[in-house]
Structures are given as C-alpha cells and as structure tokens.
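An overview of the molecular structure
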Amino acid sequence: MTSLTITRPDDWHLHLRDGDMMKAVLPETARHFGRAIIMPNLIPPVITAKDAAEYRDRIMSAKPDNSKFQPLMTLYLTEDTEVKDLRAAAEIGLIHAIKLYPAGATTNSASGVADFSKVQRVLENMAQIGLPLCVHGEVTDADVDIFDREAVFIDRVLDPIRRAVPELRVIMEHITTKQGADYARSGGDNLAATITTHHLVINRNHILAGGIKPHYYCLPVAKREEHRLALLEAATSGDKTYFLGTDSAPHTDENKLLPCGCAGCFTATNTMSILAEVFEKENALDKLEGFASLHGPAFYRLEPNKDTITLTKGDPVTYPDRIETAQGDVTMFDPQFPLHWRVT
Ligand code: DOR
Ligand code: ZN
C-alpha cells in the first residue's frame, strides 16, 4: 500500500500553552488535526468557565486564517471547583471534559487534587450530565517508585473513584503500562484510554541508556519494553477503548536541558508520519483510522470529522529538528527511524 485516505484525525490530549508559544505550536497541530482536547494546565490554570471561554478566544485568534481547527476546552479540577459553574459551561457546549491532576504529579499541577473526597460531589454531577473526566493517572507519594506510579494509581485512586461513581465516564490519559491497557480494556463503556505517539516508540532505555536524553523525558515516564509492546498491541488492536492523545507538550530547549528539566515531548508536527510507520510495521494500517479518527469522537459523543487526510508513502520525509518560537527553540520528538509516510 502506498496511499491511505482516512477521516481527518483529532488529538484527544494536547498542550497548546499560551502567548508566543501557542502562536508557534498551534499551526503544527492545526495542519493535520480537526480538533483537540486542550489541556488546562496553564499558569494560572484554566479553572472556571470564564477562564475557558477566554482561553478559547485566544486560541481562535491565534490560529491560521484558513484553518478549520476546533479547540475542545477542558477545566482543571481543583478541590474548590464549583458544580454550578461546571454545569453551566457543559450545558452551553463550552467544555468537553474536566481534567484531574493529582496535586504535584506533573507540569503545573500544584493546584490539583490531594483529597479525593473533596471532589466526590463534582464527580457525581459530571456523571449525571455525562461530562467525561480526563485523568492523569499517577500517584505522587514519594515512597512509590516513579515507574510504579501508574499501576499504583489504578489500585489506590482510580478503581475506588469508579466504584464510588460508576456512571462517571473516564479517560485514562497517556497510559504507559500493560496494567493501564488491561484495566482500560476491562472497564466497559464508561472507560477509555488515550495513548501518545511517543509511548508507542520509546521505552525507558531511550531516556537513560548511553547518556541521559532529556528530550525523551515526559510524564508518565516511559516504562520497560514489555509495556511499550502492550501499548502497541492496544493501539493497533482496533479496540474502540483506545485512541490517540498525543500529549504533545512543548518546552523550550532551555527548559528541557536544565539540571531539573521539564517533562514533555513535542510531537504535534510529525505524529501522523510516525503513527503510519508504526502501524505499518505492525501490519495494522487498517486500524489507524479507528485509533486516530473514530474511537475518540465515539467516546466523546461527537461526530467524526467530515473531511479526510491522505497519507502517501515514498522517500523518507524530513522534519526540522526543532521549531522556532519567540520564547526559544522547541525540539521535535525524534523517533530514531526513517519516516516514509507524509500527509499530502
Ligand atoms: O510530559 C508531560 N508534560 N506530562 C504531563 O503530564 C504534562 C506535560 C506538560 O504540560 O508539559
Ligand atoms: Zn498532558
């Protein structure tokens, strides 16, 4: 096969940031993707309906003139989130999900939830109106090894939440483990999982073996090869539980390369080329459309995009090593294998 036309994909987990950084990274996503779930972890975070409406307006005015890209807004769940505000924002279609960050789990997550009993009423209201919860699934306890934090989160936090509020619709975001993939698969219609591009490509050796590679450091951190293989199996299985959420998370090289560097891989630009290569290697090109374009809208109760993109196979495609922004350069995720599929 040398050409593949699929329904235009969406990105169900994206960091656009704000200001100059947003201006630089937004066109990279808008080029291929119809819509994206926009993460609310700005400084300060997007907490109220008013914050989300203003952020959406900034995105709409920063996007390229001819682009039909649609940002799907989210609110950042805090222990003080107001049910009334959240319900009003959902009713007018302003927000499509609420994001749960355990306090301290990752970039700008200090305002996240520490005491889960404090958000129980909010979760019950979300279940009532069918508003999904996007979950960053890692415990933050210092005594839990960073490579175990996802599996422990499922047992200690996620499973109890789902038992307490069974009708709540949950997306386990950027799963990185076999335990995550298995739990998502076993969860019925109210549970789904997103998988990033980079977690289909790297394992922890890419970060740590032969010298430390800050550009492969993200959260949740990539795990052992057996876990990458479980994610690959899940993504290419055709199971509607799983869909694409790139977690493309731009940080300037300056901030990535600090002694305490930021977590995040920037994949907005080359994701579709990488995914086509990865799915082809698994003999699963026929499953790419489900993963990137169909399963996500089905879970979010939206129509798939009406238009298509075409991927064409040929000589290796080259992407720039980094994109320039007014805040500094942002290095693009390097899959370390040639890419033969381009979006034409
Ligand atoms: O690697 C990550 N980067 N993981 C997250 O959860 C947050 C993100 C960011 O905002 O940079
Ligand atoms: Zn993220």
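First, a word on what this report is: a plain description of the structure on this page. (Residues numbered from 1 in each chain as written. Chains lettered and ligands numbered in written order. Predicted model: local features only at pLDDT ≥ 70, side-chain atom pairs only at ≥ 80, totals over all residues. Heavy atoms only, no water.)

1. Side note on the site of ligand 1
As a matter of local geometry, ligand 1 sits amid 13 residues, with Arg17, Asn41, Leu219, His251 and Ala263 nearest to it. Here histidine 15 contributes a side-chain N or O atom positioned 3.3 Å from an oxygen atom of ligand 1. Between ligand 1 and the protein, one listed contact pairs an oxygen atom with a side-chain N or O atom of asparagine 41 at 2.9 Å. Here ligand 1, which alone exposes 290 Å², has 100% of that area covered by the protein. (Near = heavy atom within 4 Å. Polar contact = N/O pair within 3.5 Å; in protein donor to acceptor, adjacent residues only side chain to side chain. Areas by Shrake-Rupley, 256 points an atom, 1.4 Å probe, with all protein chains shown as cover.)

2. Comments concerning unusual backbone geometry
Cis rather than trans, the peptide bond between isoleucine 43 and proline 44 has omega equal to -5 degrees. Relative to the helices and strands, proline 44 is located in the loop between strand E3 (35-38) and helix H2 (49-62). Residue leucine 219 is joined to proline 220 through a cis peptide bond whose omega torsion reads -5 degrees. Inspection of the secondary structure puts proline 220 in the loop between helix H7 (204-208) and helix H8 (225-235). Phi angles above zero are rare outside glycine, and aspartate 247 is one such case at about 55 degrees. Relative to the elements of secondary structure, aspartate 247 occurs in the loop between strand E9 (242-244) and helix H9 (253-256). (Helix = DSSP H or I, 4+ residues; strand = E, 2+ residues; numbered from the N terminus.)

3. Looking at the sheet that holds strand E8 (residues 191-195)
One open sheet accounts for 8 strands, arranged E2-E3-E4-E5-E6-E7-E8-E9; its pairing is parallel. Of all the strands in the sheet, just strand E2 (11-14) and E9 have a single pairing partner and so form its edges. Along the sheet, successive strands turn relative to each other by an average axial angle of 30 degrees, direction set aside. Strand direction decides the pairing type here: E2 and E3, joined by 2 bridges, are parallel. By the bridge assignment for E3, aspartate 11 is matched with alanine 36. H2 rests against E3, strand E4 (70-76) and strand E5 (95-100) of the sheet, and its axis sits at about 150 degrees to E4. (Pairing = 2+ DSSP bridges. Axes fitted to C-alpha atoms, helices over the stretch in contact; angles between N-to-C directions. Contact = heavy atoms within 4.5 Å.)

4. Here's the deal with the pattern of salt bridges
Counted under the stated rule, the structure contains 18 salt bridges. The residue aspartate 10 makes a salt bridge to arginine 35 at a minimum N-O spacing of 2.8 Å. Placement of the pair is aspartate 10 in the loop between strand E1 (3-7) and E2 and arginine 35 in strand E3, with a sequence separation of 25 residues. Among the ionic pairs, glutamate 28 bridges to arginine 31, the shortest N-O distance being 2.9 Å. (Salt bridge = Lys/Arg side-chain N within 4 Å of Asp/Glu carboxyl O.)

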